[in-house]
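Remarks on the overall topology
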Amino acid sequence: MEALLVLTDSERSQLTERLETVEVSPYEDYLAFSDRVSKLVIDGGVPERLLRAADRIREERSSGVSEAHVLRNCPVDEDLPDIGNEDPSAEKKSRKVTFIGEAFLELLAQITRTPLLSYANRFGGDFFIDVVAINKYLGQQTGYNGGEVVFHNDRTAHPVRADYITLLGMRCPPDDLVYTGFVAGRRLLAELSAETQQVLREPYFVTPFDVVSRDANTELDSTPSHPILSGVSSLRYLDTHTTAADDAPVEAKDALLALKNALTRVPKQRHRMQQGDVLTFANQSALHNREQIEVQDPTRALGRWLLKTYAFSDQAAADTHRDAWIDGIPGKVGD
Ligand SMILES: [Fe+2]
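These remarks concern the structure in this document. Note that the structure is a prediction, hence the values are computed from the model and not measured. (Residues numbered from 1 in each chain as written. Predicted model: local features only at pLDDT ≥ 70, side-chain atom pairs only at ≥ 80, totals over all residues. Heavy atoms only, no water.)

1. Considering the overall build of the protein chain
Defined as follows: Secondary structure elements are taken from DSSP: a helix is a run of H or I of four residues or more, a strand is a run of E of two residues or more, and numbering for both begins at the N terminus. Atoms counted for the radius of gyration: C-alpha only. Globule rule: 2.2 Å times the number of residues to the power 0.38. Exposure is judged per residue with a 1.4 Å probe applied to protein chains only, and the accessible area is read against the type maximum: over 50% gives exposed, under 20% gives buried, and values in between give partly exposed. Between two residues, a contact is recorded if the distance between any of their heavy atoms is within 4.5 Å. Where accessible areas are quoted, they stem from the Shrake-Rupley method and a 1.4 Å probe; at the residue level, only the protein chains shown are allowed to cover. Only four residue types enter the charge count, namely Lys and Arg as positive and Asp and Glu as negative; His and the chain termini do not. In plain terms, the charge of a residue is placed at NZ if it is Lys, CZ if Arg, CG if Asp and CD if Glu.
Along the backbone of the protein chain there are eleven helices and 16 strands. Its C-alpha atoms give the protein chain a radius of gyration of 20 Å, near enough to 20 Å, the size a compact globule of 335 residues would have. Each principal axis of the C-alpha distribution contributes one length, and for the protein chain these read about 60 × 40 × 40 Å. Looking at the protein chain as a whole, 53% of its 335 residues qualify as buried. Residue pairs in contact within the protein chain that sit at least 24 positions apart in sequence constitute 81% of those at least 6 positions apart. Carbon together with sulfur atoms contributes 47% to the accessible area of the protein chain, which is approximately 15100 Å² in total. Side-chain charges of the protein chain comprise 37 positive and 52 negative groups, with the mean position of each set lying 3 Å from the other.

Pasting the structure below:
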């Protein structure tokens with residue numbers, strides 16, 4: 001994808017210097033960390049072009065012009081530890097002593113006015129999580145599998161859902177062709193008849209919980225039937241897994257087939273994440289995937305590391321879940 005903004009080297013290094021002053025760990029005290037970042041914004045420490053890009057992201061999201069945006073040459077920690085594939089998040093927290101990537105993602109959330117969201121039962125309730133292969137999930141259907149991931153959206157069975165996902169390239173093997181794909185829900189719906197859309201709005205479908213959710217919550221054994229489509233273009237879909245419920249009428253299977261055909265045909269956006277790239281995109285009202293077109297060295301490919309945040313569409317959307325906050329931390333919800 002074409003970048004909305006490529007920071008110059010001097011913009012990036014000046015911003016990095018400012019982000020370095022945020023010494024509080026976001027993993028120990030997220031509120032204090034977030035507060036330090038907002039002081040940087042208030043003190044005028046953000047490049048003007050980045051502020052304008054954030055405004056444009058907000059405008060293009062609300063007008064429906066684009067729900068996926070790329071920024072390049074963004075600040076990333078200079079000394080990234082090796083975090084392995086056994087328990088990368090724990091390794092990160094014990095070995096990573098600077099928080100440049102985290103502070104940049106927090107800054108971006110603040111200037112795009114999309115408050116962050118975290119799940120208490122996932123990665124200790126951290127607001128900054130790692131997309132890294134985890135040995136026990138290799139080859140399974142999850143983003144931590146070290147391989148390809150079918151079109152889906154994240155955590156759509158959860159009562160509190162992320163409107164946006166933002167990824168920051170921390171370590172991306174430069175010779176590999178690994179792409180994140182994106183399809184906006186409204187693009188997909190344009191391929192479907194009104195009758196098909198109506199059937200997709202009925203609770204005729206089932207989607208098994210993914211392995212990471214089941215590991216975090218052993219009570220998640222069966223999933224109730226659900227609609228695939230709700231609201232304007234909000235989706236709940238995991239390709240090759242979401243299917244028609246046993247007792248669903250035959251038109252549910254027809255609608256599912258039409259959706260799969262549409263997903264094959266529809267033009268996709270693809271981005272090859274590089275170190276310092278940000279890809280920020282709609283979660284609920286879109287689908288995303290990961291394709292490995294060419295991997296030069298499978299072992300090195302396991303070192304690919306993206307830092308990820310979940311966010312609400314705006315403060316009002318976050319505020320509707322105020323009663324769900326855990327430990328008094330806005331945005332942190334249970335599982
Ligand atoms: Fe995902």
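2. Quick word on the coordination of the iron ion
This is how the line gets drawn: With water omitted from the atoms examined, metal sites may look incomplete; donors here are N, O and S atoms no farther than 2.8 Å from the metal, or 3.2 Å in the case of Na, K and Ca.
At the metal site, the iron ion is ligated by His152 (NE2), Asp154 (OD) and His288 (NE2), and these contacts range over 2.2 Å. Note on histidine 288: relative accessible area 8%, which makes it buried.

3. Points about the pairing of strand S3 (residues 116–119)
Convention followed: Any two strands are treated as partners once DSSP identifies two or more bridges connecting them.
Of the two faces of S3, the one carrying Leu116 and Ser118 and the one carrying Leu117 and Tyr119 are both buried. Where S3 meets strand S15 (residues 305–311), two bridges bridge the pair, whose relative direction is antiparallel. Bridge assignment links leucine 117 to a residue of S15, and that residue is tyrosine 310. Where S3 meets strand S16 (residues 332–333), two bridges bridge the pair, whose relative direction is parallel. Within S16, the residue paired with serine 118 across the bridge is lysine 332.

4. Some thoughts on the sheet that holds strand S12 (residues 269–271)
Spelled out, the test is: With axes taken as lines fitted to C-alpha atoms, and helix axes fitted only over the stretch in contact, angles between N-to-C directions fall between 0 and 180 degrees.
Reading across the sheet, the four strands line up as S5-S14-S7-S12 and stay open at both edges, with antiparallel pairing between neighbours. Of all the strands in the sheet, the pair left with one neighbour each is strand S5 (149–152) and S12. In this sheet, adjacent strand axes meet at a mean angle of 25° when their direction is disregarded. Strand direction decides the pairing type here: strand S7 (residues 177–184) and S12, joined by three bridges, are antiparallel. Across the sheet, threonine 180 pairs through a bridge with histidine 271, a residue of S12.

5. Comments concerning the nonpolar core
Note the following rule: Put simply, a nonpolar core is a bunch of buried Ala, Val, Leu, Ile, Met, Phe, Trp, Tyr and Cys residues held in one set by side-chain atoms that sit within 4.5 Å of each other.
Membership of the largest hydrophobic core comes to 70 residues, with the highest contact counts inside it found for Leu50, Phe104, Leu107 and Phe128. If you tally residues by element for this core, the top one is helix H5 (residues 100–111), at eight residues. With near-sequence residues (within four places) excluded, leucine 107 lies in contact with Leu15, Leu19, Val37, Val41, Val46 and Leu50. Counting 23 residues, the second largest nonpolar core, distinct from the first, contains Leu188, Leu200, Phe205 and Leu229.

6. Details of the packing of helix H1 (residues 9–19) against H5
Put simply, the rule is: Note on angle classes: values under 35 degrees are labelled roughly parallel, values over 145 roughly antiparallel, values of 65 to 115 roughly perpendicular, and the remainder oblique. Nonpolar residues are Ala, Val, Leu, Ile, Met, Phe, Trp, Tyr, Cys and Pro. Charged residues are Asp, Glu, Lys and Arg, and all others, Gly as well, are polar.
As a packed pair, H1 and H5 sit with axes 10 Å apart at the nearest point and diverge in direction by 100°. If you check the angle between H1 and H5, you find them roughly perpendicular. Counted together, Leu15, Thr16 and Leu19 of H1 and Ile100, Ala103, Phe104 and Leu107 of H5 form the full contact between these two elements. Of the residues that constitute the contact of H1 with H5, the class distribution is six nonpolar, one polar and no charged.

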